[in-house]
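# Structural overview for review
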Amino acid sequence: MSLFNTQNIRIYNSLSGEKEVFKPLNEGYVGMYVCGPTVYSNVHLGNVRTFMSFDVVFRYLKHLDYKVRYVRNITDAGHLENDADEGEDRIAKKARLESIEPMEVVQRYTVDFHNILNEFNFLPPSIEPTATGHIIEQIEIIKSIIDNGFAYEVNGSVYFDIHKYNASKEYGILSKRKLEDLIHNTRALDGQSDKKNPQDFALWKKAEPQHIMRWPSPWSDGFPGWHLECTAMSTKYLGEQFDIHGGGMDLKFPHHECEIAQAEATNNKSPVNYWMHANMLIMNGKKMAKSTGNFILPNEIFSGDNPHITKAYLPSVARFFMLQAHYRSILDFTNNGLLASEKGFFRLMDAINIIDDLKISSTSSFDVNTWKQKCYDAMNDDFNTPILIATLFDAAKFINQVKDGSATITKEDLELLKQTIETFTFDILGLVNVSKENSGTDKLSGAVEILIKLRKEARLNKNFALSDKIRDELAEVGIQLNDSREGTTFTTS
Ligand SMILES: [Zn+2]
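Criteria and cut-off values
- Residues numbered from 1 in each chain as written.
- Predicted model: local features only at pLDDT ≥ 70, side-chain atom pairs only at ≥ 80, totals over all residues.
- Helix = DSSP H or I, 4+ residues; strand = E, 2+ residues; numbered from the N terminus.
- Expected span 1.5 Å × (residues − 1).
- Buried ≥ 20, exposed ≤ 12 C-beta atoms within 10 Å, placed from the backbone.
- Contact = placed C-beta atoms within 7 Å.
- Axes fitted to C-alpha atoms, helices over the stretch in contact; angles between N-to-C directions.
- Parallel < 35°, antiparallel > 145°, perpendicular 65-115°, else oblique.
- Nonpolar A, V, L, I, M, F, W, Y, C, P; charged D, E, K, R; others polar.
- UniProt positions renumbered as here; feature names shortened; annotations may be inferred.
- Pairing = 2+ DSSP bridges.
- Right-handed = clockwise from strand over helix to strand, strands pointing away.

Moving on to helix H13 (residues 385–404). For H13, built from 20 residues, the straight-helix expectation of 28 Å at 1.5 Å per residue is met to within 8% by its first-to-last C-alpha distance of 29 Å. Taken as a whole, H13 has its buried residues at Thr-385, Leu-388, Ile-389, Thr-391, Leu-392, Ala-395, Ala-396, Phe-398, Ile-399 and Val-402. Contact partners of the buried residues in H13: helix H1 (45–63), helix H10 (315–323), helix H11 (335–354), helix H12 (368–380) and helix H14 (411–428). The first or second residue beyond H13 is Gly-405, which carries a positive phi of 85 degrees.

Right, let's talk about the packing of helix H2 (residues 90–98) against helix H3 (residues 102–119) for a bit. It is at 8 Å that the axes of H2 and H3 come closest, and there the two elements cross at 105 degrees. Classified by the angle between their axes, H2 and H3 sit roughly perpendicular to one another. Where H2 abuts H3, its residues Ile-91, Ala-92, Lys-94 and Ala-95 lie against Pro-102, Glu-104, Val-105 and Val-106. In the contact of H2 with H3, the residues fall into six nonpolar, no polar and two charged.

Here we take up the UniProt feature "binding site: ATP" (unreviewed entry) in the chain. Following the UniProt record, the feature "binding site: ATP" (unreviewed entry) maps to Lys-290 here. Positionally, Lys-290 belongs in the loop between strand S11 (281–283) and helix H9 (298–303).

Next up on the list: the environment of Ser-364. Checked against the element boundaries, Ser-364 lands in the loop between H11 and H12. Note on Ser-364: 21 C-beta atoms within 10 Å, which makes it buried. Residues Ser-364 and Val-402 lie 38 residues apart in sequence; the distance between their C-alpha atoms is 9.7 Å. The contacts of Ser-364, once residues within four sequence positions are left out, are Thr-408, Ile-409, Thr-410 and Asp-413.

Looking now at the pairing of strand S4 (residues 67–72). Here strand S3 (residues 29–34) pairs with S4 via six bridges, running parallel. Within S4, the residue paired with Tyr-33 across the bridge is Val-71. Assessed by its sense of winding, the connection that carries the chain from S3 through H1 to S4 is right-handed.

Note on placement: Gln-373 falls in helix H12. For the pair formed by Gln-373 and Thr-423, sequence separation is 50 residues and the distance between their alpha carbons is 13 Å.

An ideal rise of 1.5 Å per residue puts 18 Å on 13 residues; helix H17 (residues 464–476) measures up with 18 Å between its terminal C-alpha atoms. Looking one or two residues beyond H17, the residue adopting positive phi is Gly-478, at roughly 90 degrees.

With respect to topology, four strands assemble into an open sheet ordered S4-S3-S9-S10, the strand pairing being parallel. The open sheet is flanked by S4 and strand S10 (272–278), the only strands paired with a single partner. Each strand of the sheet is rotated relative to its neighbour by a mean of 20 degrees, with strand direction disregarded. The pairing of strand S9 (residues 242–248) with S10 spans six bridges and is parallel.

Structure (structure tokens):
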């Protein structure tokens, strides 16, 4: 029997606002789509947190023996600077500012994204499709929406007709917004726009002459609207209806609302059964923003090179820290929080690392089977990782008591305990086993910081032969130095 037959997951569905028993469309199979990054800058820590939440969902579903197809896209075109279909394409803008090709921007930040996720021990999704690789599919969907009467063409651009849609369907069903309120709250069109109503959104935009990223279509040389790619790629790989759609809370409106409208207007079906949204990450109680300096890059957590933290942290410690908050809670990123998590992380690892040395007895003073089900119960309750971690600590405490001789365990129970704690800690939470003694991060980062300083001195003295030698020889042993305006940081591979 598969594990999913014995464990009932309940998922908080943003569509209903309630926890619902999870029942996939096809028994034993799960289709999951998560909106991926727009690759025009280094991945934001808040996005890492969102993707980590779904990495854990993916890991747990797989653990329960589901066959999961997990699709997470890369947005490499079509995402404009604001939600009102105005402004420059984010990637094209970055390319213009740096005088490089848009695809160089895409390549650079896709590599950065993957590197960071690898550091955090993410599982790769089953498919990672790109918007530019699915222009034909997007054009086909626009044709269907026009044919079904929910979109109109003006001057080479195509817009989704929200008012027409709302006459027979419900626009705002996910974000609980009413069209009347939206009308009330949006500013009037300025006369420049081709839209019939300001609430309408672009499915296809005609490219201005200076716009580099453009494709031919029946309407104009142009590019697809941002919301469309997710409908095209989720439909292509998961079908007209699928089980789980995830993303950050900030995508609920308008992005996910528009995805629902596009799918309904194409297939006359609600595309997703369970909508899941991960909450925000803030830092020191405030919104993270580069402009205010209240900001940290994921890399800087590993190097310690950021004024908001006092030391470097292992990726697993940062991962543990993030999973100590439930995905639907706001997570406040603080140095004190990380320090506390680091202690907790090593307490758990130390307990796991002494299991094999424990003395066996003829009786157990700990009910391992009940504890094991508590681990499942935590994950079954809307993937409650903080409760799971607290339950793992119960076992860690017991392990230490057995070591001290104040508790006992039988051989079978010890085996079950070891297998269960390892499965939940490493396979499901995705932490990596390191003991404090072996981690060596503090010493390593201290030593590299000394070399970074020496290299800086060498450069100030115009001794470029020495500065290059330091950089190249560090690279040979797998330590990459990254220079930026803010200073030099390092990553290890
Ligand atoms: Zn999306």
